[in-house]
Amino acid sequence: MTKAIFIDIDGTLRDSNRNLSARTIETIEEVSEKGILVILCSGRPRKYTEEISRECFASKYIITSSGGNIYDYEQDKILYVNKMDKEALIKLYEIANPEDVRFIMNVGEGRVVNKVKHADQEKKLEENIRDFVYKNDVVQCTIADSDFDKIKNLIPKIEKVENVEIKNSHKSLLDIKFKDDKTVFCDIANIDSNKGIAVKKMLEILDIKKEETIAIDDDNNDLSMFEQVGYKVAMGNAIDIVKEKADEITLSNDEDGVAVFLDKMLKEMEEN
């Protein structure tokens, strides 16, 4: 029997315009009413992920910052955190900031940035990076820009920084067929931090067995989740390696792929 379903947000739960469909919301609410925990897992910060989770009636548990944080928002309790190496974070800033790209740090429930783009979600870094980093715990940072080549050329420098690694990046950096004019990014965190580790810790906290779980995903940073669950579902818009590792492929995020799979699961539960 399924007890927990881990679902990625961008490219999975939401469509290409970052909207949640009425069908998706209704289906997740129905799954939750059956006593199955729907746990959202994202590279996004805590507050943002919580808002999406509440909107679609998912569980009170969220995995954020690409696995760097597990949070119970009803109890306002951090269940797990993996704080970024501070010296590595400073080096990453020194790589990114001179190139005039956005440097985004997931701190607490939100983000602190060198260049504000979303005033309602971000705070501007107002002090020396070293002073800030040693006064605050950062669980993930993101380097982003609309210039594909600028971010691509920074990757070799990022990869040389010790104790951290790229956890996720815009699909265009992995497969040119996904290239578009949207923001190109790299999410970076500690080497020992990923969604899979967070999923494993979540299952230990909840005393749920691996074979009682499902993950629904689309991108490279979701592969570590696949290793920790009993059944793996790839979106129709997923990159090829995710599809290859999946037990099942549903429709794309623009075709309500998550809802389609969950509806089928509910129907099978009723029949059994």
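So, how was this worked out
- Residues numbered from 1 in each chain as written.
- Predicted model: local features only at pLDDT ≥ 70, side-chain atom pairs only at ≥ 80, totals over all residues.
- Heavy atoms only, no water.
- Salt bridge = Lys/Arg side-chain N within 4 Å of Asp/Glu carboxyl O.
- Helix = DSSP H or I, 4+ residues; strand = E, 2+ residues; numbered from the N terminus.
- Buried < 20%, exposed > 50% of the residue type's maximum accessible area, 1.4 Å probe, protein only.
- Polar contact = N/O pair within 3.5 Å; in protein donor to acceptor, adjacent residues only side chain to side chain.
- Contact = heavy atoms within 4.5 Å.
- Phe/Tyr/Trp six-rings, centres within 6.5 Å; stacked < 30°, edge-to-face > 60°.
- Lys NZ or Arg CZ within 6 Å of the ring centre and 35° of its normal.
- Core = buried A, V, L, I, M, F, W, Y, C linked by side-chain atoms within 4.5 Å.

Colleague: What should I look at first to understand the pattern of salt bridges in this one?
Modeller: Note on pairing: side chains with opposite charge can pair once their charged atoms come close. With the rule as written, the count across this model stands at 18 salt bridges. Residue Arg-23 is joined to Asp-263 by a salt bridge in which the shortest nitrogen-to-oxygen separation is 2.9 Å. Remark: Asp-263 occurs in helix α10 (residues 257–271) and Arg-23 occurs in helix α2 (residues 22–33); sequence separation between them is 240 residues. For Arg-23, a relative accessible area of 37% translates into the label partly exposed. Asp-263 sits in the partly exposed class, given a relative accessible area of 26%. Between Lys-167 and Glu-165 there is a salt bridge; the shortest N-O distance is 2.6 Å.

Colleague: I would appreciate a short explanation of the side chain of Lys-195 in the present structure.
Modeller: With respect to the element layout, Lys-195 can be found in helix α7 (residues 195–206). By relative accessible area, which is 1% here, Lys-195 ends up buried. At 3.0 Å, the side chain of Lys-195 forms a polar contact with the side chain of Asp-8. The contact partners of Lys-195, leaving out residues within four places of it in the chain, are Asp-8, Cys-41, Ser-42, Gly-43, Ser-66, Gly-67, Asn-221, Asp-222, Ser-224 and Met-225.

Colleague: What should I look at first to understand the packing of aromatic side chains in this one?
Modeller: Working definition: an aromatic ring pair is given by the centre-to-centre distance plus the angle between the planes. Here the structure, examined in full by the defined rule, presents 2 aromatic pairs. Arranged with centres 5.3 Å apart and planes meeting at 85°, the rings of Tyr-93 and Phe-103 form a pair that is edge-to-face. With Tyr-93 in helix α4 (residues 86–96) and Phe-103 in strand β6 (residues 102–107), this residue pair connects regions lying 10 residues apart in the sequence. Comparing Tyr-93 with Phe-103 shows no difference in burial state: the two are buried. Seen from the ring of Tyr-71, Arg-46 lies directly overhead, with NZ or CZ sitting 4.3 Å from the centre. When the ring centre of Tyr-134 is taken as origin, the NZ or CZ atom of Lys-86, which lies over that ring, is 5.9 Å away.

Colleague: Help me out: how do you make sense of the nonpolar core in this one?
Modeller: As a rule of thumb, soluble globular proteins bury nonpolar side chains together. Counting 30 residues, the largest nonpolar core has Leu-92, Phe-103, Met-105 and Ile-143 as the members making the most contacts within it. For this core, the secondary structure elements donating two or more residues are α4, β6, α5 (129–135), β9 (138–145), α6 (148–159) and β11 (184–190). Ranked by residue count, the leading element in this core is α4, at 7 residues. The residues touching Met-105, leaving out its near neighbours within four places in the chain, are Leu-89, Gly-110, Arg-111, Val-112, Leu-125, Ile-129, Phe-132, Val-138, Gln-140 and Cys-141.

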